[in-house]
Amino acid sequence: MITEAAKRVREARAIAVLTGAGVSAESGVPTFRGEGGLWRQFRAEDLATPGAFARDPRLVWEWYDWRRQKIAACHPNPAHHALAALESQAAEFLLITQNIDDLHRKAGSRRLVELHGNIWRVRCTREATVSALPDVPLREIPPRCGCGALLRPDIVWFGETLPAEALDRAFRAADTCDLFLVVGTSALVQPAASLPLMAKRRGATVIEVNPDPTPISHLVGVSLQGKAGEILPALLGTPPGSP
Ligand code: BV8
């Protein structure tokens, strides 16, 4: 099955890829819903909603600081590197990620859309200006913008709309690609989960890479069961373990 899928990838003119937490699992970044997942230990309602931030901004900041420290120790794995290499092979390409860990960019991906934001950026709650998180330990938590308003992580929380331009690019890519690769996502969170189905309706080949079945496994063309760090180098013809 992987040989046939690899042929489809080589022959594709326009490729779109959707990744989720599973692509960073082998780097040591916790996923959300599986065994040891963040939502098994924490309630999303308490930490990743606008209401949670309004109630207790300090708690939300501390949780993101804790995750930031974990992510800072992680490096891109062979799956990130294989996707970065794929970008340079395809005429039209877009990597759409739900991840906020920045590991795709660290691996060299450039045609990249971050649907749920980035943990290394902050946003002013009044002016909506976005900036890089200061490179020094924060003097106060929650930190404040120069204008006096609270800063928040530049992350899309549940119940918030996704950045319009990012969503627009993602939908356009799903609409026009002939190959859609969906890697390491439980395909439960909307609107990201609808992208592979949209591509499928438009006639694209959809290939899923995941060790476990997901709600879309029976709808995609090819379901490759296994870890992204093992399957993607084999599928995309990059040496295993290569940066
Ligand atoms: C919105 C913050 C308009 C970032 C996140 C219909 C009904 C009910 C509710 C809704 C609905 N439609 C939309 C909603 C609301 C909601 C939603 O979808 N809820 C779901 C849960 C039902 N969506 C939203 O609120 C979105 N906004 O729709 O705006 C609106 C507004 C109000 C009301 C309606 C509509 C905003 C969504 C953004 C949420 N932000 N987190 C953070 O702190 O990190 S969600 C969180 O989920 C992360 O961002 C994460 O990326 C995302 C998706 O999860 P996955 O990446 O798939 O991770 P998961 O752990 O689930 O799965 C990992 C997978 O990897 C598993 O399948 C596993 O088998 C696999 N795996 C493991 N190891 C490996 C592997 N795969 C490969 N290799 C391995 N080695």
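The rules behind each value
- Residues numbered from 1 in each chain as written.
- Predicted model: local features only at pLDDT ≥ 70, side-chain atom pairs only at ≥ 80, totals over all residues.
- Heavy atoms only, no water.
- Near = heavy atom within 4 Å.
- Polar contact = N/O pair within 3.5 Å; in protein donor to acceptor, adjacent residues only side chain to side chain.
- Areas by Shrake-Rupley, 256 points an atom, 1.4 Å probe, with all protein chains shown as cover.
- Helix = DSSP H or I, 4+ residues; strand = E, 2+ residues; numbered from the N terminus.
- Nonpolar A, V, L, I, M, F, W, Y, C, P; charged D, E, K, R; others polar.
- Domains from an automatic or database assignment.
- Buried < 20%, exposed > 50% of the residue type's maximum accessible area, 1.4 Å probe, protein only.
- Pairing = 2+ DSSP bridges.

1. Notes on the site of the ligand
Part 1 of the argument: Near the ligand lie 32 residues; those nearest to it are R33, Y64, T185, S186 and Q190.
Part 2 of the argument: The contact in question runs from a nitrogen atom of the ligand to an N or O atom on the backbone of G22, over 3.4 Å.
Part 3 of the argument: In this structure, G159 approaches the ligand through a main-chain N or O atom, which is 2.7 Å from an oxygen atom.
Part 4 of the argument: Coverage of the ligand by the protein amounts to 74% of the 1,500 Å² it exposes when considered alone.
Part 5 of the argument: For the shell around the ligand, the secondary structure elements donating two or more residues are α2 (22-25) and α6 (57-72).
Part 6 of the argument: Each residue belonging to the shell around the ligand can be placed in one class, and the counts come to 14 nonpolar, 12 polar and six charged.
Part 7 of the argument: Counting the residues that make up the shell around the ligand, at least three belong to each of domain 1 (2-28 + 75-116 + 161-236) and domain 2 (44-73 + 122-155).

2. Thoughts on the pairing of strand β1 (residues 14-19)
Part 1 of the argument: Among the six residues that make up β1, six are buried, leaving the element largely enclosed by the rest of the structure.
Part 2 of the argument: Neither face of β1 is exposed, since A14, A16 and L18 on one face and I15, V17 and T19 on the opposite face are all buried.
Part 3 of the argument: Where β1 lies against strand β2 (residues 92-97), six bridges are found, and the strand directions are parallel. Its bridge partner lying in β2, T19 is registered against T97.
Part 4 of the argument: For β1 and strand β7 (residues 179-183), the ladder comprises five bridges, and the chain directions are parallel. Note that in β7 the partner of L18 across the bridge is V182.

Keep in mind that these numbers describe shape and distance, not what the molecule does.
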